[in-house]
Amino acid sequence: MSETVRRTAAELAEALAAGDVTSTDLTEAHLDRIEAVDGAVHAFLHVDRDGALAQAAESDARRSRGEARGVLDGVPIAVKDVLTTRGLPTTCGSRILEGWVPPYDATVVTRLRDAGLPILGKTNMDEFAMGSSTEHSAYGPTRNPWDLDRIPGGSGGGSAAAVAAFEAPLAIGTDTGGSIRQPGAVTGTVGVKPTYGGVSRYGLVALANSLDQAGPVTRTVLDAAMLHDVIGGHDPRDSTSIQQEWPSFTEAARAGAAGDMTGVRVGVITELAGDGWQRGVMARFDESVELLVQAGAEVVEVSCPSFVHALATYYLILPAEASSNLAKFDAMRYGLRVVPEGDPSAEEVMRATRDAGFGDEVKRRIILGTYALSSGYYDAYYGQAQKIRTLISRDFDAAFAQVDVLVSPTAPTTAFRLGEKLDDPMAMYLNDLATIPANLAGVPGISIPNGLAEEDGLPSGFQVLAPALADDRVYRVGAALEALHTAAWGGPLLDKAPELAGAATPEGSR
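First, a word on scope: everything that follows refers to the structure included in this document. No experiment lies behind these values; they were computed from the predicted model shown. (Residues numbered from 1 in each chain as written. Predicted model: local features only at pLDDT ≥ 70, side-chain atom pairs only at ≥ 80, totals over all residues. Heavy atoms only, no water.)

1. Some remarks on the layout of surface pockets
Space inside the largest pocket adds up to approximately 530 Å³. For the largest pocket, the lining is made up of 24 residues, of which Thr 8, Arg 219, Thr 220, Glu 482 and Pro 492 are closest to its centre. When residues of the lining of the largest pocket are traced back to their parent elements, those giving at least two are α2 (9-18), α8 (221-231), α9 (249-256) and α17 (471-489). With five residues, the single largest contributor to the lining of the largest pocket is α17. Considering only residue class, the lining of the largest pocket consists of 12 nonpolar, four polar and eight charged. If you add up the space inside the second largest pocket, you get close to 260 Å³. As for the second largest pocket, its lining consists of 16 residues, and the residues nearest its centre are Tyr 104, Gly 203, Leu 204, Val 205 and Ala 206. (1 Å grid on protein atoms, 1.4 Å probe; cavity = no way out; pocket = protein on both sides within 12 Å on 5 of 7 lines; lining within 4 Å. Points joined across faces, edges and corners; volume = space filled by probe spheres on them. Helix = DSSP H or I, 4+ residues; strand = E, 2+ residues; numbered from the N terminus. Nonpolar A, V, L, I, M, F, W, Y, C, P; charged D, E, K, R; others polar.)

The structure is reproduced here in structure tokens:
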């Protein structure tokens, strides 16, 4: 493996600024890495070699004129295939959008292009972001670079796997109930869910409008902060976008990296631990909490009693919003169209198209959401779920009145084997147990690697949550813990990952 692709985005940015390397060199190195290993990992659905190299050449020309657009100008990036990209396919991991090429960019993509980051391609995902394992992609599962027989998390397993496999130094994911943080936990990468409205949702193909949020997927907290500074901020095209000035998250991460947590009050959420949590995951979590104590943090236990209802609440609100959002895929305007034999009516064409174009998990959630919204059941299900959502937000408010940040394991277990939970949707849904509350309340969260579970030698994640609009806190605490762990390990956790053998495609992966 080229040493170039193992360098962090911050290191690559420094090398570009010093003139030690060109963007073309970096982009070619990562494209070569994709070619070498993605047959095994299947992190990408579409690789744009020509486009990425053209963007890299433009970056090199700007730097030669002294006109770099920012510190990350020339550092390549991958984008989850749920964000529209002008001139590149956007499928959302679904057959119903196979071959669709949007005529416009999502605001996040526009900001990446404006900042000069070459886009390597689009990453694999669970269909319309519905899943916790990236096994529900219509184009085959992504595999975890730590163990190709295991899942990389979901729904954004492609972005996390691309970063963990050194196919991209940076990636964009989206987090509706943990789809950035949970893949980060099981692949040994860093994933950030910003405050809801802190990053534009314009051009993000909606799963659940009140929950979806785009954010960074990286190998270090500093890299995530630098990327967040690029993509964040108000967007007048997004009605949910927050109109305010944001602090520099890069500065917050750099401050936290000093490792001093003196004066920081940390709350351990009592409801997110105990029976059902993997022993090795809890051991790594307890070690991380102790590191924070040694760094000067004051740690207390905090109860958020409504969190025990978060999973049920989420799986009523999300399907209801998804049922409404996915109604537009009707075979009439764009996307797949299946025409039955004979002289079918528009309704018959629509039924045949949606039956062929949507996978089982999408159909399951559409049915559940439509039922929850139906006459006679709206108040009993969807209405009640919204009331519990309010209680969860109040629990966060009460907790943050006592502490600066809340912490928990990111996921209850390490990566499970491919196919292990496909026939048990409830077992699959439980993987988002710790991440869902943040989406229901709109607060920011980060997952950072905190070691390997002794049972299987696979990564686990440590989650830090902060009040809405206080994203800088998750970067400060995350960077501090990352620095403490890295010093103890003698290097990044990903240094312990096995080297991928090559581009052979595992049987059944496509």
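2. Some remarks on unusual backbone geometry
In this chain, Gly 154 is followed by Ser 155 through a cis amide linkage whose omega measures 5 degrees. Considering the arrangement of structural elements, one finds Ser 155 in the loop between β3 (119-123) and α6 (157-164). One non-glycine residue, Ala 129, lies in the positive phi region at around 65 degrees.

3. Details of the environment of Leu 418
In this structure, Leu 418 sits in the loop between β9 (405-409) and α15 (425-429). Relative accessible area serves as the criterion here: at 22%, Leu 418 is assigned to the partly exposed category. Each C-alpha atom, one on Leu 418 and one on Ser 133, is 8.2 Å from the other, the two residues being 285 residues apart in sequence. When near neighbours in sequence (up to four residues on either side) are disregarded, Leu 418 contacts Glu 135, Pro 141, Thr 142, Arg 143, Leu 148, Asp 149, Arg 150 and Ile 151. (Buried < 20%, exposed > 50% of the residue type's maximum accessible area, 1.4 Å probe, protein only. Contact = heavy atoms within 4.5 Å.)

4. A short note on the environment of Ser 408
Here Ser 408 shows up in strand β9. Overall, the relative accessible area of 1% leaves Ser 408 in the buried class. Sequence spacing of Ser 408 and Val 349 is 59 residues, and the spatial spacing of their C-alpha atoms is 48 Å. In this structure, Ser 408 is in contact with Leu 272, Phe 285, Ala 434, Phe 462 and Gln 463, ignoring residues within four places of it in sequence.

5. A look at the packing of α8 against α17
Where α8 meets α17, the axes come as close as 9 Å, and the angle between the chain directions of the two elements is 155 degrees. By the criterion of interaxial angle, the relationship of α8 to α17 is roughly antiparallel. Only Asp 471, Tyr 475, Gly 478, Ala 479 and Glu 482 of α17 make contact with α8, whose side of the interface consists of Val 221, Leu 222, Ala 224, Ala 225 and His 228. Partitioning the contact of α8 with α17 into residue classes produces six nonpolar, two polar and two charged. (Axes fitted to C-alpha atoms, helices over the stretch in contact; angles between N-to-C directions. Parallel < 35°, antiparallel > 145°, perpendicular 65-115°, else oblique.)

6. Remarks on the side chain of Asp 235
Relative to the helices and strands, Asp 235 resides in the loop between α8 and α9. Other than its neighbours up to four places away in sequence, Asp 235 contacts Thr 107, Arg 111, Ser 200, Tyr 202 and Ser 241.

7. So, the packing of aromatic side chains
The full count for this structure, using the stated rule, is 17 aromatic pairs. Where Phe 285 meets Phe 462, the ring centres are 5.3 Å apart and the plane angle is 25 degrees; that geometry is what we call stacked. On the criterion of sequence distance, the pair formed by Phe 285 in helix α10 (residues 279-294) and Phe 462 in strand β11 (residues 459-465) is long-range, its members being 177 residues apart. Note on Phe 462: relative accessible area 0%, which makes it buried. An angle of 50 degrees between the planes, with centres 5.2 Å apart, marks the rings of Tyr 378 and Tyr 382 as tilted. Since its relative accessible area comes to 38%, Tyr 378 is described here as partly exposed. For Tyr 382, a relative accessible area of 13% translates into the label buried. Among the aromatic residues, those joined into a cluster by ring pairs are Trp 100, Phe 128, Phe 329, Tyr 334 and Phe 358. Over the aromatic face of Phe 166 sits the side chain of Arg 6, whose NZ or CZ is 4.4 Å from the ring centroid. (Phe/Tyr/Trp six-rings, centres within 6.5 Å; stacked < 30°, edge-to-face > 60°. Lys NZ or Arg CZ within 6 Å of the ring centre and 35° of its normal.)

8. Here we look at the side chain of Arg 62
On the secondary structure map, Arg 62 appears in helix α4 (residues 49-64). A polar contact is formed between the side chain of Arg 62 and the side chain of Asp 73, at a distance of 2.8 Å. In contact with Arg 62, other than residues within four places in its own chain, are Glu 67, Ala 68, Arg 69, Asp 73 and Gly 116. (Polar contact = N/O pair within 3.5 Å; in protein donor to acceptor, adjacent residues only side chain to side chain.)

9. Describing empty space enclosed by the protein
Overall, the coordinates contain two cavities of 30 Å³ or more when judged by the stated rule. When its volume is computed, the largest cavity comes out at roughly 60 Å³. Looking at the largest cavity, it is lined by 14 residues, and the ones nearest its centre are Ala 129, Gly 131, Tyr 314, Arg 365 and Asp 432. Of the residues in the lining of the largest cavity, the class split is six nonpolar, six polar and two charged. Forming the boundary of the second largest cavity are His 136, Glu 361, Arg 364, Lys 421, Leu 422, Pro 425, Met 428 and Tyr 429. Mapped by element, the contributors of at least two residues to the lining of the second largest cavity are α13 (360-373) and α15. Taken together, the residues that form the lining of the second largest cavity break down as four nonpolar, one polar and three charged.

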